Amino acid sequence: QVQLVESGGGLVQPGGSLRLSCAASGIIFTIDTMGWYRQAPGKQRDLVATITRIGNTNYADSVKGRFTISRDNAKNTVYLQMNNLKPEDTAIYYCNVILVSAVGYWGQGTQVTVSS
């Protein structure tokens, strides 16, 4: 049974930092792309950042220069370092994993709230 366990969300003041983690377990096939998406209340789920197995990254324009995605292939874990957080970054952040077989999985989501 595939499980994606996210951690690291919470409440932070504007300008602060958080680091999200997502560990994948129960996966037999090789993971191709890992990524983070977010969904604010009343809005659609949007891409934040993705990273391929060989380290190619892609970021939403709104987070470029502030967020950094990385991964540990040996641990099947993806990270999202978020710096200089803004109130508009407030959302539920979801981990996403796509296997080389093109099957994808979602985490349960972790809340990030940026407020003074």
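Notes on the structure follow. (Residues numbered from 1 in each chain as written. Predicted model: local features only at pLDDT ≥ 70, side-chain atom pairs only at ≥ 80, totals over all residues. Heavy atoms only, no water.)

**What to know about the environment of Thr33**
Just so we agree on the cut-off: Segments assigned H or I by DSSP are reported as helices when at least four residues long, segments assigned E as strands when at least two residues long, and all are numbered from the N terminus. Three exposure classes are used, based on accessible area relative to the maximum for each residue type with a 1.4 Å probe and protein chains only: buried under 20%, partly exposed in between, and exposed over 50%. Residue contacts follow a heavy-atom distance rule, with two residues in contact if any of their heavy atoms lie within 4.5 Å.
Tracing the chain through its elements places Thr33 in strand β4 (residues 31–39). Judged by its relative accessible area of 16%, Thr33 falls in the buried class. Sequence-wise, Thr33 and Thr113 are 80 residues apart; in three dimensions their C-alpha atoms are separated by 26 Å. With near-sequence residues (within four places) excluded, Thr33 lies in contact with Thr50, Ile51, Thr52, Arg71, Asn96, Val97 and Ile98.

**A short note on the side chain of Thr77**
As a reminder, the rule being used: Each polar contact in these results corresponds to two N or O atoms within 3.5 Å; when the atoms are within protein, one needs to be able to donate a hydrogen and the other to accept it, and residues that are neighboring in sequence are counted only if both atoms are side-chain atoms.
Looking at where Thr77 falls in the secondary structure, it is placed in strand β8 (residues 77–82). A polar contact is formed between the side chain of Thr77 and the backbone oxygen of Lys75, at a distance of 2.9 Å.

**Examining the packing of aromatic side chains**
As a reminder, the rule being used: Ring pairs shown here join Phe, Tyr and Trp side chains whose ring centres sit within 6.5 Å, with only the six-membered ring taken for Trp; geometry is labelled stacked below 30 degrees between planes, edge-to-face above 60, and tilted in between.
Here the structure, examined in full by the defined rule, presents 1 aromatic pair. Ring centres of Tyr37 and Trp106 lie 5.1 Å apart, and the angle between their planes is 70 degrees; this geometry places the pair in the edge-to-face category. In this pair, Tyr37 sits in strand β4 while Trp106 sits in strand β10 (residues 104–106), placing the two residues 69 residues apart along the sequence. By relative accessible area, which is 42% here, Trp106 ends up partly exposed.

**Brief notes about the pattern of salt bridges**
Side chains carrying opposite charge are able to pair once their charged atoms draw close together. Quick reminder of the rule: Each salt bridge in this description consists of a side-chain nitrogen of Lys or Arg and a carboxyl oxygen of Asp or Glu lying within 4 Å of one another.
For the coordinates displayed, the defined rule picks out 3 salt bridges. Here Lys64 and Asp61 are joined by a salt bridge, their closest N and O atoms 3.1 Å apart. Residue class for Asp61 comes out exposed when judged on its relative accessible area of 64%. For Arg66, the salt bridge identified is with Asp89, shortest N-O distance 2.7 Å. Here the residue Arg66 occupies a position in the loop between β6 (57–59) and β7 (67–72), and Asp89 occupies one in the loop between β8 and β9 (91–99), the gap between them amounting to 23 residues. Given the relative accessible area of 0%, Asp89 is considered buried. Overlapping salt bridges, with partners in common, bring together Arg38, Arg66 and Asp89 in one network.

**Quick word on the state of the cysteines**
The following threshold applies: What counts as a disulfide here is a pair of cysteine sulfur atoms lying within 2.5 Å.
Within this structure, the stated rule accounts for 1 disulfide. In this model Cys22 forms its disulfide with Cys95; the gap between the sulfur atoms is 2.1 Å. What sets the handedness of the Cys22 and Cys95 disulfide is the S-S torsion sign, and at about -80 degrees it is left-handed. Of this pair, Cys22 sits in strand β3 (residues 18–25) while Cys95 is found in strand β9, placing the two residues 73 residues apart along the sequence. Cys95 carries the same exposure label as Cys22, and that label is buried.

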